[in-house]
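# Fold and contact review
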Amino acid sequence: SAGSLFGRGIYLAENCTKADEYCRADPKTGLHTMILCRAVLGRPFYTDELKPDPRACEEACLKGSYHSVLGDRKKCRGTFREFCVFDEDQVYPNYLVNYRRVMPGTK
């Protein structure tokens, strides 16, 4: 059910910790891969609702005067702000970042 809180779009985060929640390790190398993107958000539809209506978010962008959704989960849940766009031309994948998770207390 990932990627449906604000509608059927492309989800972005300003914190790598949020993106890391969706990354899986390569079984051979143990490395995780994250895509670092540039995005044009235009005029964002702001919501800090705990359970926003995904269809209303979509329609605000696809039929209304907004270009993206800014979901302020930091305000309503204490986690991260998320962004959702509905046009792939608004997102440019700039870098692939490979990394290994290091948990506190491990080497």
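Residues numbered from 1 in each chain as written. Predicted model: local features only at pLDDT ≥ 70, side-chain atom pairs only at ≥ 80, totals over all residues. Heavy atoms only, no water.

## Description of the side chain of Ser68
Just so we agree on the cut-off: Here a strand is any run of E in DSSP of at least two residues, a helix any run of H or I of at least four, and the numbering for each starts at the N terminus. Each polar contact in these results corresponds to two N or O atoms within 3.5 Å; when the atoms are within protein, one needs to be able to donate a hydrogen and the other to accept it, and residues that are neighboring in sequence are counted only if both atoms are side-chain atoms. Should any heavy atoms of two residues lie within 4.5 Å, those residues are counted as being in contact.
Here Ser68 lies in strand β4 (residues 68-72). At a separation of 2.8 Å, a polar atom in the side chain of Ser68 contacts the main-chain carbonyl oxygen of Leu41. If we ignore the near neighbours within four places in the chain, the residues touching Ser68 are Leu41, Arg43, Pro44, Phe45, Cys61, Cys84 and Val85.

## Brief notes about the packing of aromatic side chains
Cut-off, in case you're wondering: Only Phe, Tyr and Trp rings take part, Trp by its six-membered ring, and two of them pair if their centres are within 6.5 Å. Stacked means planes under 30 degrees apart, edge-to-face means over 60, and tilted covers everything else. When accessible area is computed with a 1.4 Å probe and restricted to protein chains, residues below 20% of their type maximum are described as buried, those above 50% as exposed, and intermediate ones as partly exposed.
Taken as a whole and assessed by the stated rule, the structure comprises two aromatic pairs. With a centroid separation of 6.2 Å and 25° between ring planes, the pair formed by Phe6 and Tyr11 is classed as stacked. Here Phe6 falls in the buried class, since its relative accessible area comes to 1%. A relative accessible area of 25% places Tyr11 in the partly exposed class. Note on Phe45 and Tyr66: the rings are 5.3 Å apart at their centroids and 70° apart in plane angle, and the pair reads as edge-to-face. One end of the pair, Phe45, is in strand β3 (residues 44-47); the other, Tyr66, is in the loop between α2 (54-62) and β4, with 21 residues separating them in the sequence. On the basis of relative accessible area, Phe45 is assigned to the partly exposed category, the value being 22%.

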